[in-house]
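In case you want the letters, here they are:
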Amino acid sequence: MIRDQETLDSLAETVARFVAERLVPNEAKIADDDRVPDDIVAEMRALGLFGLSIPEEYGGLGLTMEEEVRIAFELGQTSPAFRSLIGTNNGIGSQGIVMDGTPEQKRRYLPRLAKGEIVGSFALTEPEAGSDAASLRTTARREGDHYVLNGTKRFITNAPQAGVFTVMARTNPADKGPGGISAFLVDAGLSGLSIGKPDKKMGQKGAHTADVVFDQCKVPASALIGGVEGQGFKTAMKVLDRGRLHISAVCVGVAQRLIREMVTYASNRVQFGKPIAQFQLVQAMMADSQAECYGARCMVEETARRRDRGLPITVEVACSKMMASEMVGRVADRAVQVFGGAGYIADYGIERFYRDVRLFRLYEGTTQIQQLVIARGLLDAAKG
Amino acid sequence: MKVLVAVKRVVDYNVKIRVKSDNTGVETANVKMSMNPFDEIGVEEAVRLKEAGKATEIVAVSMGPQACQETIRTALAMGADRGILVLTDAELQPLAVAKILKVLCDKEQPGLVILGKQAIDDDCNQTGQMLAALLDWPQATFASKLELGVSDARVTREIDGGLETITVTLPAVLTTDLRLNEPRYASLPNIMKAKKKPIDTVDPASLGVDVAPRLSTLKVNEPAKRQAGVKVATVADLVAKLKTEAKVI
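Along each chain, residues carry numbers from 1 onward, in the same order as the chain's sequence is written. Lettering for chains starts from A, numbering for ligands starts from 1, and both go in the order in which the items are written. A pLDDT threshold of at least 70 governs which residues receive local features in this predicted model, and a stricter bar of 80 or more applies before side-chain atom pairs are shown or counted, although totals over entire chains, interfaces and linings include all residues. Values reported for side chains reflect all heavy atoms of the structure, with hydrogen atoms and water molecules removed beforehand.

Packed helices, taken two at a time, are described by the angle their axes make and the gap between the axes. Residues and elements named next belong to chain A. Orientation is described by axes fitted as lines to C-alpha atoms, over the contacting stretch for helices, and by angles from 0 to 180 degrees between their N-to-C directions. To qualify as a helix, a DSSP run of H or I must reach at least 4 residues; to qualify as a strand, a run of E must reach at least 2; elements of each kind are numbered from the N terminus. For the pair helix H4 (residues 65–75) and helix H9 (residues 280–308), interaxial distance at closest approach is 7 Å and the crossing angle is 150 degrees. Between H4 and H9, the angle falls in the class roughly antiparallel. From H4, Met65, Glu66, Val69 and Phe73 reach across to H9, where they touch Arg297, Val300, Glu301, Ala304, Arg305, Arg307 and Asp308. Each residue receives one of three labels: charged for Asp, Glu, Lys and Arg, nonpolar for Ala, Val, Leu, Ile, Met, Phe, Trp, Tyr, Cys and Pro, and polar for the others, Gly being one of them. When grouped by side-chain class, the residues that make up the contact of H4 with H9 number 5 nonpolar, no polar and 6 charged. When an angle is under 35 degrees it counts as roughly parallel; over 145 it counts as roughly antiparallel; between 65 and 115 it counts as roughly perpendicular; any other value is oblique. Between two residues, a contact is recorded if the distance between any of their heavy atoms is within 4.5 Å.

The following block contains the structure:
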């Protein structure tokens, strides 16, 4: 739902300009340094990028999903590491609070998350539990007016920078399924909470993931999201629906960037006396990329509109995430191909995108998990 | 002190300009438009004055078709307080713009008027000077630094061969040069808030200004295509070409 086209256009144009003028020129540097420099983080904060999805009453922009994906298309046009920095505050690191938090939890965290004063992080994945989220081993044991957390979380995005973690832990050991899981808000720096060293990753340098370890970590009972046990898995699934749609939009943005790079390069690279863009085999790679990218974009926009209308979106989101992430994988592969040898050389930046986009098919649910979600939706609907 | 800032809607500086096929002007249909970059510097300077407690209110003025409202909104998102849109489909030349601004200044009584030194579409570099003459106010053009006092302003100007520092008594007209400041990005929350700031719409006739063009454009041409360069293998080749072909040495 777009509330005001002129204002949204203005928001999108401002983000596009910031991306082009400030982020794109720094892509190689943040990959080399494996960090986003403080001045750029400060600019992203000043621009208001951390609070896109947080309601206006808590200092965010309160964008609708359709508006949010429009902004994500623009943010996607540069290294995904920049988007990752603000990604958790707008997505999995804040939405648990927005959707299911108590008024007190919202007041306590959302204004700071919206301003980017703290970074929110989402701790679901474990060494033994990824997509099978219901088999979580991290436990939260009630002791008086506290819970005591024990367990290890793995590949947690923005963990080294995080100020607050949304942690999924089992509160009911008797219930081995999703019903025994609760969600907690755990402040960084608590005794018994430690962060592993940042993982060495294939791509997305500058965005960090790490283990988060709970060893007799004591949190107040008020840290339980929504104040009710056993709701954590439901919260996590709702948060992921929204997060996956945002990721899908980012995939479309990256693909648009890569298509532009392909067209520019192919128009200038001369072989056999003419630009390679005039050869039909090269044109086919560009055309296939554009058609697939446009298809994914339409899916993302339509699913966003469905969410804004309050319709169920789990299957549609899984379709969008699968299509968009697989699409950008193929587009990045073709971009390397169009660039030829240059596509394999780091100076051109294309191989960096090729590595960066590989993650989109893995996190917030692998393609295979999206397939399962889609198939389950179909079969459930057939049962009636 | 009230500051009035003029903001012009022009073809975006990133757009590759194309001349219309009938040579009557530049193609503007379906072309991205944005605020003249020198005017953006003007808005930024006004916002900085306000943040420093030296300006109390910033009024952004734009003239032209309804779409100029977007340019005013950009100024409001950067920090201007309200806008005035002078709505007209007529072609506005610098003298007409200066006359309209004169009337608005008589009404608004600003202590300082800031304009870009020129607009990147027609490069006229006339409006600020004409406005100062019409108002009989001092002018400080091509400003690269502004220190605003209570009754005067110290302005550093970029001139051929160096910098000139002058003092003008207020009220005055200031035009901005490129190095006066680096404009900020309007923050996303401020873009949302700008929607709620007021914009008054007036038309030139109600201000009593005849905007009919005094100059007519005869023809607009694209610059001549440059010939492709050549690579030379040695310094000796280069010198020979400079002597025999370019004939510059």
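On we go.
With 65 residues, the main nonpolar core has Met44(A), Leu49(A), Leu52(A), Ile71(A), Leu112(B) and Leu188(B) as its most contacted residues. The element best represented in this core is helix H1 (residues 5–23) of chain A, accounting for 7 residues. Not counting residues within four places of it along the chain, the set of residues in contact with Leu188(B) comprises Leu11(A), Thr14(A), Val15(A), Leu47(A), Gly48(A), Leu49(A), Leu52(A) and Leu61(A). Residues grouped as a nonpolar core are buried Ala, Val, Leu, Ile, Met, Phe, Trp, Tyr and Cys residues, joined through side-chain atoms within 4.5 Å. The buried label applies to any residue whose accessible area, calculated with a 1.4 Å probe on protein chains only, is under 20% of its type's maximum; exposed applies above 50%, and partly exposed to all values in between. The next biggest cluster of nonpolar side chains, apart from the first, holds 42 residues, and it includes Val69(A), Tyr265(A), Ala342(A) and Ile350(A).

Residue and element names in this part refer to chain A. Salt bridges are identified by distance alone: a Lys or Arg side-chain nitrogen within 4 Å of an Asp or Glu carboxyl oxygen. This structure, assessed with the given rule, holds 46 salt bridges over all chains. Between Asp38 and Arg35 there is a salt bridge; the shortest N-O distance is 3.1 Å. On the basis of relative accessibility, which here comes to 54%, the residue Asp38 falls in the exposed class. For Arg35, a relative accessible area of 42% translates into the label partly exposed. Here Lys383 makes a salt bridge to Asp380, at a shortest N to O gap of 3.7 Å. Taken together, the residues span about one helical turn, with Lys383 and Asp380 both in helix H12 (residues 367–383) at a distance of 3 residues. One salt-bridge network, in which partners are shared between bridges, spans Glu27, Arg257, Glu261 and Arg352.

Before going further, it helps to spend a moment on the confidence of the model for chain A. When pLDDT is averaged across chain A, the result is 94; 100% of the residues are at 70 or more. Note: pLDDT gives the predictor's confidence per residue, expressed from 0 to 100. Across chain A, the element-wise mean pLDDT spans from 92 in helix H5 (residues 80–90) of chain A up to 98 in H9(A).

Residues and elements named next belong to chain A. Source of the domain bounds: an automatic or database domain assignment. One can read the domain layout of chain A as domain 1 (5–115), domain 2 (120–230) and domain 3 (234–383). Taking only C-alpha atoms, the centre of domain 1 and the centre of domain 3 are 20 Å apart. Between domain 1 and domain 3, the contact holds 24 residues from the first and 29 residues from the second. For the pair domain 1 and domain 3, the summed buried surface comes to about 2500 Å²; carbon and sulfur atoms form 61% of the total. Defined in terms of a 1.4 Å probe, buried area is the accessible area two parts forfeit on being brought together, summed over both. Interface area lost by domain 1 to domain 3 is led by Met65, Phe73 and Gln77, which between them contribute 28%. By the criterion applied in these results, polar contacts are pairs of N or O atoms within 3.5 Å in which, for protein atoms, one can donate a hydrogen and the other can accept it, and in which residues neighboring in sequence qualify only through two side-chain atoms. Where domain 1 touches domain 3, the interface holds 15 residue pairs in polar contact (both at pLDDT 80 or more).

Attention now goes to the interface of chain B and chain A. Facing 14 residues of chain B, the contacting portion of chain A comprises 21 residues. Summing both sides of the interface, chain B and chain A together bury roughly 1500 Å²; the carbon and sulfur share of this comes to 60%. Connecting chain B to chain A are 3 salt bridges. Of the charged contacts, one joins Glu40(B) and Arg17(A) as a salt bridge, the two residues approaching to 3.0 Å between their closest N and O atoms. At the boundary of chain B and chain A, one finds 6 residue pairs in polar contact (both at pLDDT 80 or more).

Inspection of the secondary structure assignment puts Glu40(B) in helix H1 (residues 37–51). According to the relative accessible area criterion, Glu40(B) is buried, its value standing at 8%. With residues near it in sequence (within four places) discarded, Glu40(B) still touches Arg17(A), Met35(B), Met78(B) and Pro183(B).

Now for the packing of aromatic side chains. All names here are of chain A. Side-chain rings of Phe, Tyr and Trp, where Trp is taken by its six-membered ring, are said to pair if the distance between their centres is within 6.5 Å; with planes under 30 degrees apart they count as stacked, over 60 as edge-to-face, and otherwise as tilted. Using the criterion set out here, one finds 7 aromatic pairs over all chains in the structure. Taking the centre distance of 4.8 Å and the plane angle of 65 degrees together, the rings of Tyr147 and Phe184 count as edge-to-face. One end of the pair, Tyr147, is in strand E3 (residues 146–157); the other, Phe184, is in strand E5 (residues 181–187), and 37 residues separate them in sequence. Both residues of the pair, Tyr147 and Phe184, belong to the buried class. The structure contains a cluster of three or more aromatic residues connected by ring pairs, namely Tyr265, Phe339 and Tyr348.

On to the packing of H1(A) against helix H3 (residues 38–47) of chain A. Residue and element names in this part refer to chain A. Relative to each other, H1 and H3 sit at 170 degrees, their axes nearing to 12 Å. In terms of axis orientation, H1 runs roughly antiparallel to H3. Across from Thr14, Phe18, Arg22 and Leu23 in H1, the residues of H3 making contact are Asp39, Ile40, Glu43, Met44 and Leu47.

Residue and element names in this part refer to chain B. If you walk across this open sheet you meet the 9 strands as E9-E8-E7-E10-E6-E1-E4-E5-E11, and the pairing is mixed. On the outer flanks of this sheet lie strand E9 (162–169) and strand E11 (199–202), each paired with one strand and no other. For this sheet, the mean angle separating the axes of adjacent strands, direction not counted, is 35 degrees. At least two DSSP bridges between two strands are required for those strands to pair. Across 3 bridges, the pairing between strand E1 (residues 2–6) and strand E6 (residues 112–116) is parallel. Paired with Leu4 across the bridge in E6 is Val113. Against the sheet, helix H3 (residues 94–108) contacts E1, strand E4 (57–64), strand E5 (82–87) and E6, and its axis sits at roughly 150 degrees relative to E4.

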